Amino acid sequence: MDFERIKEKLAILADAAKYDVSCSSSGSNRKNKGKGLGDSSGMGICHSYTEDGRCISLLKILLTNHCIFDCAYCVTRKSNDIKRAAFKVQEVVDLTINFYRRNYIEGLFLSSGIFKDADYTMERLIQVAKKLRLEENFNGYIHLKSIPGSSDELMQEAGLYADRLSVNIEIPTVSGLKLLAPDKNHEDFMKPMNKVKNEILRNREEKKILKSTQKYAPAGQSTQMIVGATGETDRDIMYTATHFYRNYNMKRVYYSGYVPVTTDPRLPALTSAVPMLRENRLYQTDWLLRFYGFDIRELLNEDHKNLETDIDPKLSWALRNMQHFPVDINKAEKQMLARIPGIGLKSVQKIIKARRFRSLNWEHLKNIGVALNRARYFITCNSNNWEKKDLTSERIKNLILKSSGSKFSKNYSPQLSMFDT
Ligand code: SF4
């Protein structure tokens, strides 16, 4: 093996893969049954993140950065004058096993530029996963990108060896895709996504009847959208995401702030900042939809097409809907407690548990971990007296921003503070 050449390929193809953020691996449960290498169950795979929020514990590479397409937003596009490389199937297998043995990684995230055609590329990605599973007895996590336009047969096979499959929609609207990737067809994305969804559902049913049925993509499917490459509103982005969650059984939708890679009149200038805060607000909205019981139309609609950057989407909703407040902390339903700014789901559970034994006061809430600098404007607690009733939404917002110091206006890293709002 030519180690220098492998090293060079690794540098090129790992660098090219860094623009893909859809590499979270939660939800897999491929157990090592005594034989074989690796175990993706409960190992905390993919729980490490770089400073900008990207996950780092998988070997994350492209099979090749040669591509027959010319998507304007992509560093791998054929017209870009960059160094190109391609791994052989066996080279990726060997790298994965060697890195795994050294404890550098817990799995593989494998994507690729499209060389020759979609099926030709997809076949090679599958070969890597198949060899790892069948020849190396590898039980670690495998996330394979599905190549848009791949045939149903290949998508069916891919799910037998990969834990997760994902097709990146990349551009949230059909018109945006036409503008930046005119060679691509919206249907080419939907077809493999649909196949994976149907196979997952079919596999679930078969397993109910026959326990020994081979698993199909046990960690489900995900997709990624680039944020800020075209003029889509946050409403456009989140309506597309909601459509995927509802109709394609999507496990996760990832939002990736556009990193300027080229000078092109269709794209933001090369000097534009990556919209990290916007990306963070979209993740928060996604979280509110999936876990806090919000409907997309409550958070984004015709009158409110974009999320505020200075306040989080839950606070924004509360300030636009003051008719729902104050909420009595000692009596309110769980769903309503979760809608109060400053109260996360963990605090909701603690409040429900604690109020069985006593009527809660401000001190109790503070000990529970409620962010009172936000919550106090929206609740009553052990008294009917709502002190803040004369304040306007605008005034409340200002007071909260003031009491939060720079927290809301600072361009902080995504994924750090989105889970307990
Ligand atoms: S097909 Fe994929 S890899 Fe090729 S240019 Fe488009 S986005 Fe990049």
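Quick caveat: nothing in here was measured; it's all calculated off a predicted structure. One numbering rule holds for all chains: residues counted from 1, following each sequence as written. Confidence filtering applies because this is a predicted model: local features only for residues at pLDDT of at least 70, side-chain atom pairs given and counted only at 80 or more, and all residues used for totals across whole chains, interfaces and linings. Each side-chain value is worked out from all heavy atoms of the structure, with water and hydrogens disregarded.

Engineer: Just to check I follow, could you spell out the nonpolar core for this structure?
Structural biologist: Nonpolar side chains tend to gather and get buried jointly when the protein is soluble and globular. Among buried residues, those of type Ala, Val, Leu, Ile, Met, Phe, Trp, Tyr and Cys that are joined through side-chain atoms within 4.5 Å constitute a nonpolar core. Think of it in three bands: with a 1.4 Å probe and only protein chains considered, a residue is buried below 20% of the maximum accessible area for its type, exposed above 50%, and partly exposed in between. If you look at the biggest cluster of nonpolar residues, it comprises 117 residues, and the most contacted ones within it are Tyr-73, Tyr-255, Ile-340 and Phe-378. Numbering of helices and strands starts at the N terminus; helices are DSSP runs of H or I of at least 4 residues and strands are runs of E of at least 2. Take this core: its biggest share by element is seven residues, from helix α3 (residues 118–135).

Engineer: Honestly, the site of the ligand in this entry has me stumped. Any pointers?
Structural biologist: Put simply, a residue is near a molecule or strand once any heavy atom of it comes within 4 Å of that molecule or strand. Around the ligand lies a shell formed by Cys-67, Phe-69, Cys-71, Cys-74, Thr-76, Arg-77, Gly-113, Ile-114 and Lys-184. Under the scheme applied here, ten amino acids are nonpolar (Ala, Val, Leu, Ile, Met, Phe, Trp, Tyr, Cys and Pro), four are charged (Asp, Glu, Lys and Arg), and all others, including Gly, are polar. Per-class residue counts for the shell around the ligand are five nonpolar, two polar and two charged.

Engineer: Sorry, what's going on with the environment of Ala-16 here?
Structural biologist: Among the secondary structure elements, Ala-16 is positioned in helix α1 (residues 3–17). For the pair Ala-16 and Thr-64, spaced 48 residues apart in sequence, the C-alpha separation works out to 9.0 Å. What makes two residues a contact is simply this: any of their non-hydrogen atoms within 4.5 Å. Excluding anything up to four places from it in sequence, Ala-16 contacts Leu-62, Asn-65 and Thr-76.

Engineer: Quick question: what am I supposed to make of helix α2 (residues 89–101) here?
Structural biologist: Residue pairs spaced three or four apart in an α-helix point in one direction, given the helix's 3.6 residues per turn. The span expected for a helix works out to 1.5 Å for each residue beyond the first. Here α2 spans 19 Å end to end across 13 residues, near enough to the 18 Å set by a 1.5 Å rise per residue. Contact partners of the buried residues in α2: α1, β1 (58–62), β2 (107–111) and α3. Just downstream of α2, Asn-103 is the residue with a positive phi angle, here 65 degrees.

Engineer: Before we go on, may I ask you to explain the pairing of β1 in this structure?
Structural biologist: Of all the five residues making up β1, five are buried; the element is thus mostly covered by neighbouring parts of the structure. Burial along β1 is two-sided: Leu-58, Lys-60 and Leu-62 facing one way and Leu-59 and Ile-61 facing the other are all buried. Summarising the sheet, β1 and β2 pair through five bridges and their orientation is parallel. From the neighbouring strand, Ile-61 faces β2, where its bridge partner is Leu-110. Pairing between strands is defined by DSSP: at least two bridges between the two strands are required.

Engineer: In this structure, what is going on with the environment of Lys-388? I would like to understand it.
Structural biologist: With respect to the helices and strands, Lys-388 occurs in the loop between β8 (379–380) and α15 (393–403). Spatially, the C-alpha atom of Lys-388 lies 5.8 Å from that of Tyr-377, the residues being eleven residues apart in sequence. Setting aside anything within four residues of it in sequence, one finds Lys-388 in contact with Arg-376 and Tyr-377.

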